[in-house]
Amino acid sequence: MRTTAALALFWLSGAVLADTVKVAVASNFRPTLELLAVEFRRQSGHELRISAAASGVLYQQLRHGADFQVLLSADAERPQALYRDSFGAQPPFTYALGRLALVAARGAELPDSADTMSVVALLAQAPARTVAIANPRVAPYGVAARSLYEKLGLWDSTADSRVEAGNIGQAYLLVQRGHARYGFVAQAQAQSGPLRALTLPAAWHPSIEQQGLLLQSAADHAASREFVAFMQSEPAQAIIERAGYTRAGQQ
């Protein structure tokens, strides 16, 4: 009886200590965060409540009082700006480095390698509204895609061929569902999805440094602090690397 009572007290204590962390995450990272949530729950007992959107959309929501505790952005600019304006409880941290990939719908031709001539020819000849990119005004991977076009000298001349999606997840879906022939997405999305993909050289676009921020509203929230520490731990970084990102601190 004493053993049974002790076990009951143990499980009850665990249930009392378990908590929920409200995480706002960039759309590209949501599938990886769902994997991380499983490991975080195994280690801590805490759950994640995940809300995903383009980084720029999350940024505006936070500035207008959205009830999140941790932000995982797809860039460094927005977490840094929020921290400067006293929205953060501690300095931002880098949790992953992203790469850009080009995915193709079924039946669409894709070069065997990412050489400049092949990619330029593909993009220059693409028919109207057949290349999906995330909106550069709100999505960091959209900024990277625009920078790639500009580096290749194609941004202005190919305006008719592009279709803007609200975020990187929507850009992928446009291609997957056949509404676009090609799409610029995160390498991690390309690695985990069914579409054929071409990883693009890192030198073709700015570094995509994805940073997180513990928000001021969670300054004294133990579970949120545990999650921020977890994101920088070896087990979490190993999951992030397997998902198709470069670990924080590596290039």
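Our subject in this report is the structure included herewith. (Residues numbered from 1 in each chain as written. Predicted model: local features only at pLDDT ≥ 70, side-chain atom pairs only at ≥ 80, totals over all residues. Heavy atoms only, no water.)

## Some details on the sheet that holds strand β1 (residues 20-26)
- With mixed pairing, the 5 strands of this open sheet are ordered in space as β2-β1-β3-β10-β4. Whereas interior strands pair on both sides, the edge strands pair on one side only; in this sheet they are β2 (47-53) and β4 (93-98). Each strand axis lies, on average, 20° off the axis of its neighbour in the sheet, ignoring direction.
- Where strand β3 (residues 70-72) lies against strand β10 (residues 208-214), 3 bridges are found, and the strand directions are antiparallel. By the bridge assignment, leucine 72 is partnered in β10 with glycine 212.
- Of the strands in this sheet, β1, β2 and β3 are in contact with helix α2 (residues 30-44), which crosses β2 at around 170°. (Pairing = 2+ DSSP bridges. Helix = DSSP H or I, 4+ residues; strand = E, 2+ residues; numbered from the N terminus. Axes fitted to C-alpha atoms, helices over the stretch in contact; angles between N-to-C directions. Contact = heavy atoms within 4.5 Å.)

## Remarks on the sheet that holds strand β5 (residues 100-104)
- Taking strand neighbours across the sheet as the criterion, the 5 strands line up as β7-β6-β8-β5-β9 in an open arrangement whose pairing is mixed. Edge strands, defined here as strands with exactly one partner in the open sheet, are β7 (162-165) and β9 (196-199). Between one strand axis and the next, the sheet turns through 30° on average, direction left out of account.
- Note that strand β6 (residues 131-134) and strand β8 (residues 182-186) share 2 bridges and pair parallel. The residue bridging valine 131 from the neighbouring strand is tyrosine 182, located in β8.
- Lying over the sheet, helix α6 (residues 140-151) contacts β5, β6, β7 and β8, oriented at roughly 125° with respect to β8.

## So, the packing of helix α3 (residues 55-63) against helix α4 (residues 77-84)
- The contact between α3 and α4 brings their axes to 10 Å, and the two run at 15°. If you check the angle between α3 and α4, you find them roughly parallel. Crossing of α3 against α4: the hand is right-handed. Facing α3, whose interface residues are Ser55, Gly56, Tyr59, Leu62 and Arg63, α4 presents Arg78, Ala81 and Leu82.
- Classifying every residue of the contact of α3 with α4 gives 4 nonpolar, 2 polar and 2 charged. (Parallel < 35°, antiparallel > 145°, perpendicular 65-115°, else oblique. Left-handed = near helix turned anticlockwise from the far one by under 90°. Nonpolar A, V, L, I, M, F, W, Y, C, P; charged D, E, K, R; others polar.)

## Focus on the packing of aromatic side chains
- Applying the stated criterion to the full structure yields 8 aromatic pairs.
- Ring geometry for phenylalanine 29 and tyrosine 95: centres 4.8 Å apart, planes at 65°, overall edge-to-face. Within this pair, whereas phenylalanine 29 is found in the loop between β1 and α2, its partner tyrosine 95 is found in strand β4, the two being separated by 66 residues in sequence.
- With relative accessibility at 0%, the residue tyrosine 95 sits in the buried group.
- Through successive ring pairs, a cluster of aromatic residues spans Phe29, Phe93, Tyr95 and Tyr245. (Phe/Tyr/Trp six-rings, centres within 6.5 Å; stacked < 30°, edge-to-face > 60°. Buried < 20%, exposed > 50% of the residue type's maximum accessible area, 1.4 Å probe, protein only.)

## Quick look at helix α7 (residues 168-176)
- All of the buried residues in α7 are Ile168, Ala171, Tyr172 and Val175. Down the axis of α7, the buried set is contained in an arc of 100°. They therefore lie on one face.
- Along its buried surface, α7 packs onto β5, β6, α6, β7, β8 and α8 (187-192).
- The N-cap residue of α7 is asparagine 167: its side-chain oxygen and the backbone nitrogen of glycine 169 are 3.0 Å apart.
- Directly beyond the C-terminal end of α7, a positive phi value near 85° is found at glycine 178. (Arc of directions from axis to C-beta. Polar contact = N/O pair within 3.5 Å; in protein donor to acceptor, adjacent residues only side chain to side chain.)

## Some details on the pairing of β6
- By the alternation rule, side chains of β6 split into Val131 and Ile133 and Ala132 and Ala134, which are all buried.
- Sheet topology note: the β6/β7 ladder contains 4 bridges and is parallel. By the bridge assignment, valine 131 is partnered in β7 with arginine 162.
- One crossover worth recording links β6 to the parallel β7 by way of α6, and it is right-handed. (Right-handed = clockwise from strand over helix to strand, strands pointing away.)

## Structural notes on the nonpolar core
- With 74 residues, the main nonpolar core has Phe29, Leu33, Leu72, Leu123, Phe184 and Phe227 as its most contacted residues.
- Ranked by size, the runner-up nonpolar core spans 11 residues in total, among them Leu58, Leu71, Leu82 and Leu215. (Core = buried A, V, L, I, M, F, W, Y, C linked by side-chain atoms within 4.5 Å.)

## Some remarks on the pairing of β2
- Pairing of β1 with β2, which is carried by 7 bridges, proceeds in the parallel orientation. Counterpart to threonine 20 in the pairing with β2 is glutamate 47.
- The parallel pair β1 and β2 is bridged by α2, and the resulting crossover is right-handed.

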